[in-house]
Amino acid sequence: MILDNSKALVVFSGGQDSTTCLFWALKNFKEVHTITFLYGQKHSLEVELAKKIAQKAGVDFHLEDVSFISRIGTSSLTDTSIKMDQEKPADSFPNTFVPGRNMFFLSIAAVYAREKGIRNIVTGVSQTDYSGYPDCRDNFIKSLNVTMNLAMDEQFILHTPLMWLDKAQTWAMADELGVLDLVRNETLTCYNGIPGDGCGECPSCKLRRQGLEEYLKSKESK
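The rules we used
Residues numbered from 1 in each chain as written. Predicted model: local features only at pLDDT ≥ 70, side-chain atom pairs only at ≥ 80, totals over all residues. Heavy atoms only, no water. Pairing = 2+ DSSP bridges. Helix = DSSP H or I, 4+ residues; strand = E, 2+ residues; numbered from the N terminus. Right-handed = clockwise from strand over helix to strand, strands pointing away. Axes fitted to C-alpha atoms, helices over the stretch in contact; angles between N-to-C directions. Phe/Tyr/Trp six-rings, centres within 6.5 Å; stacked < 30°, edge-to-face > 60°. Salt bridge = Lys/Arg side-chain N within 4 Å of Asp/Glu carboxyl O. Buried < 20%, exposed > 50% of the residue type's maximum accessible area, 1.4 Å probe, protein only. Lys, Arg positive; Asp, Glu negative; His and termini not counted. Polar contact = N/O pair within 3.5 Å; in protein donor to acceptor, adjacent residues only side chain to side chain. Contact = heavy atoms within 4.5 Å. Parallel < 35°, antiparallel > 145°, perpendicular 65-115°, else oblique. Left-handed = near helix turned anticlockwise from the far one by under 90°. Nonpolar A, V, L, I, M, F, W, Y, C, P; charged D, E, K, R; others polar. Core = buried A, V, L, I, M, F, W, Y, C linked by side-chain atoms within 4.5 Å.

Asks: In this structure, what is going on with the pairing of strand E3 (residues 60–65)? I would like to understand it.
Replies: Regular strands place side chains that alternate from one sheet face to the opposite one. For strand E2 (residues 31–38) and E3, the ladder comprises 6 bridges, and the chain directions are parallel. In the sheet register, Ile35 faces E3, and the bridge partner there is His62. At this point the chain moves from E2, through helix H2 (residues 45–57), to the parallel E3, and the crossover so formed is right-handed.

Right, here's the structure in full:
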């Protein structure tokens, strides 16, 4: 469902998923804006790359400092003293989970969107490849959508184009949108803050690389 298809706001990190969503939004809406968050992340280079990609795409770029998130919660993405989990623990989610991040991001995005007269909000969360993060699940997004609408007495739609796609399918979408090379070379998904193909060792890089290899292999076989 698309509500008033003239405008959309993309929650934009400068990573693979949100960049793919940005170009999905450009295909589906007449006017696209982005909002990026500085939340105390160790790999803050992603903010600079997000701004460059937004400029290249010709869309409005807005940055919000929400670094309080890193002060009230614990995550290896915000605290250099915590050794990053390389695998998902059997009984919990990995310590790369930033508590409340998507809840805060989307709630703030909705307030910003309201002021801009925007009712469509796009986010790159995925339940298929979500590493166990509870705030990437479809039921959370649907619940938050209802809550935001009630809280502001508005009719927002949270769009999740990648919700049921794995990483190979996300690469396929980027290719279909004509931005596979841009996503591969100019985004930052690496938990260690290395652009492009990244460090190759952190969980995010492994997932990204595996998906790319699967996609390129399937493309060659056609």
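Asks: Could you clarify how one ought to interpret the sheet that holds E3 in this entry?
Replies: Across a sheet, strands are paired by hydrogen bonds formed along the backbone, either parallel or antiparallel in direction. The sheet built from 5 strands is open, its strands ordered E3-E2-E1-E4-E5 with parallel pairing. Two strands close off the open sheet at either side, each with one partner strand: E3 and strand E5 (157–159). In this sheet, neighbouring strand axes are inclined to one another by 25° on average, regardless of whether the strands run parallel or antiparallel. Where strand E1 (residues 7–11) meets strand E4 (residues 120–122), 2 bridges bridge the pair, whose relative direction is parallel.

Asks: Where do I start with the packing of aromatic side chains in this structure?
Replies: Here the distance between the centres and the angle between the planes together describe a pair of aromatic rings. For the structure on display, the rule yields 4 aromatic pairs. Between Trp24 and Phe29 the ring centres are 6.1 Å apart and the planes differ by 70°, which places this aromatic pair in the edge-to-face class.

Asks: Looking at this model, I keep getting lost on the pattern of salt bridges. Mind explaining?
Replies: Side chains that differ in sign of charge can pair as their charged atoms come close. Taken as a whole, this structure holds 8 salt bridges when the rule is applied. Its salt-bridge partner being Arg119, residue Glu154 comes within 3.2 Å of it at the nearest N-O pair. With Glu154 in the loop between helix H5 (138–152) and E5 and Arg119 in the loop between helix H4 (101–116) and E4, this pair connects stretches of sequence that are 35 residues apart. Assessed through its relative accessible area of 18%, Arg119 is described here as buried.

Asks: What is the right way to look at unusual backbone geometry in this model?
Replies: Non-glycine residue Asp153 carries a positive phi angle of around 55°. Relative to the elements of secondary structure, Asp153 occurs in the loop between H5 and E5.

Asks: Looking at this model, I keep getting lost on the side chain of Arg208. Mind explaining?
Replies: Considering the arrangement of structural elements, one finds Arg208 in helix H8 (residues 203–220). No salt bridge is formed by the buried Arg208, whose closest oppositely charged neighbour, Asp197, lies at an N-O distance of 4.5 Å. Here Val183 takes part through its backbone oxygen, which lies 3.2 Å from a polar atom of the side chain of Arg208. Side-chain polar atoms of Arg208 contact the side chain of Thr189, separated by 2.9 Å. Residues contacting Arg208, with those up to four places away along its chain left out, are Gln16, Trp171, Val183, Arg184, Thr187, Thr189, Gly196 and Asp197.

Asks: Got a minute to help me understand the packing of helix H1 (residues 16–28) against helix H6 (residues 167–176) in this structure?
Replies: What describes two packed helices is the angle between their axes and the distance between those same axes. At a minimum axis distance of 10 Å, the contact between H1 and H6 shows a crossing angle of 40°. On the basis of the axis angle, H1 is oblique to H6. Considering only the axes of H1 and H6, their crossing is left-handed. Every residue of H6 that contacts H1 at Gln16, Asp17, Thr20 and Trp24 is listed here: Lys167, Thr170, Trp171, Met173 and Ala174. Classifying every residue of the contact of H1 with H6 gives 4 nonpolar, 3 polar and 2 charged.

Asks: Where do I start with the environment of Asn185 in this structure?
Replies: Take Asn185: it is sitting in helix H7 (residues 180–186). Considered as a pair, Asn185 and Gly198 are 13 residues apart in the sequence and their alpha carbons are 9.4 Å apart.

Asks: I would appreciate a short explanation of the packing of H6 against H8 in the present structure.
Replies: Running from N to C, H6 and H8 cross one another at 65°; their axes reach a closest spacing of 7 Å. For the crossing formed where H6 meets H8, the hand is right-handed. Where H6 abuts H8, its residues Lys167, Ala168, Trp171, Ala172 and Asp175 lie against Leu207, Arg208, Gly211, Leu212, Glu214, Tyr215 and Lys219. Considered class by class, the residues forming the contact of H6 with H8 number 6 nonpolar, 1 polar and 5 charged.

Asks: Quick question: what am I supposed to make of the nonpolar core here?
Replies: The nonpolar side chains of a soluble globular protein tend to be buried with one another. Counting residues in hydrophobic clusters, the biggest one holds 31 residues, and the most contacted among them are Leu9, Val11, Ile35, Phe105, Leu106, Ile121 and Ile141. Those elements giving two or more residues to this core turn out to be E1, E2, H4 and H5. Considering each element in turn, this core owes the most residues, 6 residues, to H4. What Val11 contacts, discounting residues up to four positions off in sequence, is Ser18, Ile35, Phe37, Phe105, Leu106, Ala109, Ile121 and Val122. Core analysis: the second largest hydrophobic core is formed by 28 residues, Cys21, Ala25, Val183 and Tyr215 among them.

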